[in-house]
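# Observations on chain architecture
Here is how the chains run, residue by residue.
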Amino acid sequence: MNNPSISESIFPISPLIKITLLNLYFALTIPLPFLAKFASVNISMEVFFLFLFIGAMAIVGILSERVTVNEEGIKVSYPQWVSWLWRKEWSLKWTEIDSLRMRTTGQGGLVYYFVTKTKDKAYLLPMRIAGFNLMVKKVQEKTNIDTTDIKPLAQPWMYLFLLVFTFFLWLMDIWTISTALTGI
């Protein structure tokens, strides 16, 4: 019996990144309805919380990316509730990949793109996934492209740093909400 899951690896977005970004989103947005009420802005709390929920679902959707690597190739996919809306999936067979090209970001970071042999398209190498080094190793094994210098765009310490500062933001949120509630 052939079991394809034995040679297939799935890499989701790193839990540290998910936790940090969701916490940051909520820390930035949760106080808004309370501040609006305190400042007598004429928008209902229900509308605020509806938009906060929609924003949270958008972030959860974006952070639901997963990379699948198997014997045939590499695939970036999202759950169906995300992919039909705005995030497009892509997949490449190992035989279609010609090279990995480095590009600098506007902030000075480095990202890499898979370039096809026909040179008509480039696909962004997912860099915020759990198990990034293992995925890159599998790419090197299947394509014979040297990946020894490829590092994730953001190191874990950066997200830990952001998470710590988000905790302090939560403390300010607690103070802001309690002040707004006592002032109503």
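Each value, and the rule that gives it
Numbers given for residues are sequential positions, taken from 1 along each chain in its written order. With the structure being a predicted model, the display of local features is reserved for residues of pLDDT at least 70 and the display and counting of side-chain atom pairs for 80 or more, all residues being used for whole-chain, interface and lining totals. By convention in this description, side-chain values take in all heavy atoms of the structure and omit both hydrogens and water. Numbering goes from the N terminus for both helices and strands, where a helix is a DSSP run of H or I of at least four residues and a strand is a run of E of at least two. The quantity called the radius of gyration is restricted to C-alpha atoms. Its globule counterpart is 2.2 Å times the number of residues to the power 0.38. Only protein chains enter the accessibility calculation, which uses a 1.4 Å probe; a residue whose area is less than 20% of its type maximum is buried, one above 50% is exposed, and one in between is partly exposed. For this analysis, residues touch if any pair of their heavy atoms sits within 4.5 Å. Computed with a 1.4 Å probe, the accessible areas rest on the Shrake-Rupley method; for each residue, only the protein chains presented here act as cover. In this tally Asp and Glu are treated as negative and Lys and Arg as positive; neither His nor the chain ends contributes. Every charge is mapped onto a representative atom, which is NZ of Lys, CZ of Arg, CG of Asp or CD of Glu. One bridge is not enough; two strands pair if DSSP finds at least two bridges between them. Note on geometry: axes are lines fitted to C-alpha atoms, helical ones only across the stretch in contact, with angles between N-to-C directions running from 0 to 180 degrees. You can read pLDDT as the predictor saying how much it trusts each residue, on a scale of 0 to 100. We call two N or O atoms a polar contact when they sit within 3.5 Å, provided that within protein one can donate a hydrogen and the other can accept it, with sequence-adjacent residues counted only if both atoms are side-chain atoms. The pairing test for Phe, Tyr and Trp rings, Trp by its six-membered ring, is centres within 6.5 Å, and the orientation test on the planes gives stacked under 30 degrees, edge-to-face over 60, and tilted for anything in between.

### So, the overall build of the protein chain
If you tally the helices and strands in the protein chain, you get six helices and seven strands. Ordering the α and β elements of the protein chain from the N terminus gives β-α-α-α-β-β-α-β-β-β-β-α-α. In summary, the protein chain has a C-alpha radius of gyration of 21 Å against a globular reference of 16 Å for 184 residues, an excess of more than 25%. In terms of overall dimensions, the protein chain has C-alpha extents of about 65 × 35 × 30 Å along its principal axes. Put simply, the protein chain has 184 residues, and 36% of those count as buried. Contacts in the protein chain between residues at least 24 apart in sequence constitute 54% of all its contacts with a sequence separation of at least 6. Surface exposure of the protein chain reaches about 11600 Å², of which carbon and sulfur atoms provide 64%. If you average the places of the 17 positive and of the 13 negative side-chain charges in the protein chain, the two averages end up 2 Å apart.

### Some details on the sheet that holds strand 5 (residues 97-104)
Taken in spatial order, the three strands line up as 5-6-7 in an open sheet, and their pairing is antiparallel. In this open sheet, the two strands that pair with only one neighbour each are strand 5 and strand 7 (122-124). Adjacent strand axes in the sheet meet at a mean angle of 30 degrees when their direction is disregarded. For strand 6 (residues 110-116) and strand 7, the ladder comprises three bridges, and the chain directions are antiparallel. Bridge pairing in strand 7 places phenylalanine 114 opposite tyrosine 123.

### Section: helix 2 (residues 31-38)
Of all the positions in helix 2, only Pro31, Pro33, Phe34 and Ala36 are classed as buried. Count one or two residues on from helix 2 and you reach serine 40, which has phi positive near 60 degrees.

### So, the sheet that holds strand 4 (residues 90-93)
Strand order in the open sheet made by the four strands is 1-2-3-4, with antiparallel pairing throughout. Here the strands that pair on one side only, and so sit at the sheet edges, are strand 1 (9-12) and strand 4. Strand after strand, the sheet turns through a mean of 10 degrees between neighbouring axes, direction not considered. Bridge count between strand 1 and strand 2 (residues 66-69): four bridges; the pairing is antiparallel.

### Structural notes on the confidence of the model for the protein chain
Close inspection of predicted coordinates is inappropriate in any region flagged by low pLDDT. Of the residues in the protein chain, 95% reach a pLDDT of 70 or more, and the chain-wide mean stands at 88. Contacts for the low-pLDDT stretch residues 1-6, under 50 throughout, to residues beyond four places or in other chains number zero contacts.

### Quick look at the side chain of threonine 116
With respect to the helices and strands, threonine 116 occurs in strand 6. Separated by 2.9 Å, the side chains of threonine 116 and aspartate 120 make a polar contact.

### Considerations on the environment of valine 111
Locating valine 111 in the fold gives a position in strand 6. Valine 111 sits 12 residues away from tyrosine 123 along the chain, and the two C-alpha atoms are 11 Å apart. Apart from the residues within four sequence positions on either side, valine 111 is in contact with Arg101, Met102, Arg103, Thr105, Leu124, Met127 and Leu153.

### Brief notes about the packing of aromatic side chains
Enumeration according to the criterion identifies seven aromatic pairs in this entry. With a centroid separation of 5.0 Å and 35 degrees between ring planes, the pair formed by tryptophan 90 and tyrosine 123 is classed as tilted. Highlighted residues: tryptophan 90 in strand 4 and tyrosine 123 in strand 7, separated in sequence by 33 residues. As far as burial versus exposure is concerned, tryptophan 90 and tyrosine 123 are alike and both buried.

### Let's talk about the pairing of strand 3 (residues 73-77)
Of all five residues making up strand 3, four are buried, and the element is well covered by its neighbours. Of the strand pairs in this sheet, strand 2 and strand 3 are connected by four bridges, and their pairing is antiparallel. Pairing of threonine 68 across the sheet is with lysine 75, part of strand 3. Where strand 3 meets strand 4, four bridges bridge the pair, whose relative direction is antiparallel. Its bridge partner lying in strand 4, isoleucine 74 is registered against leucine 92.

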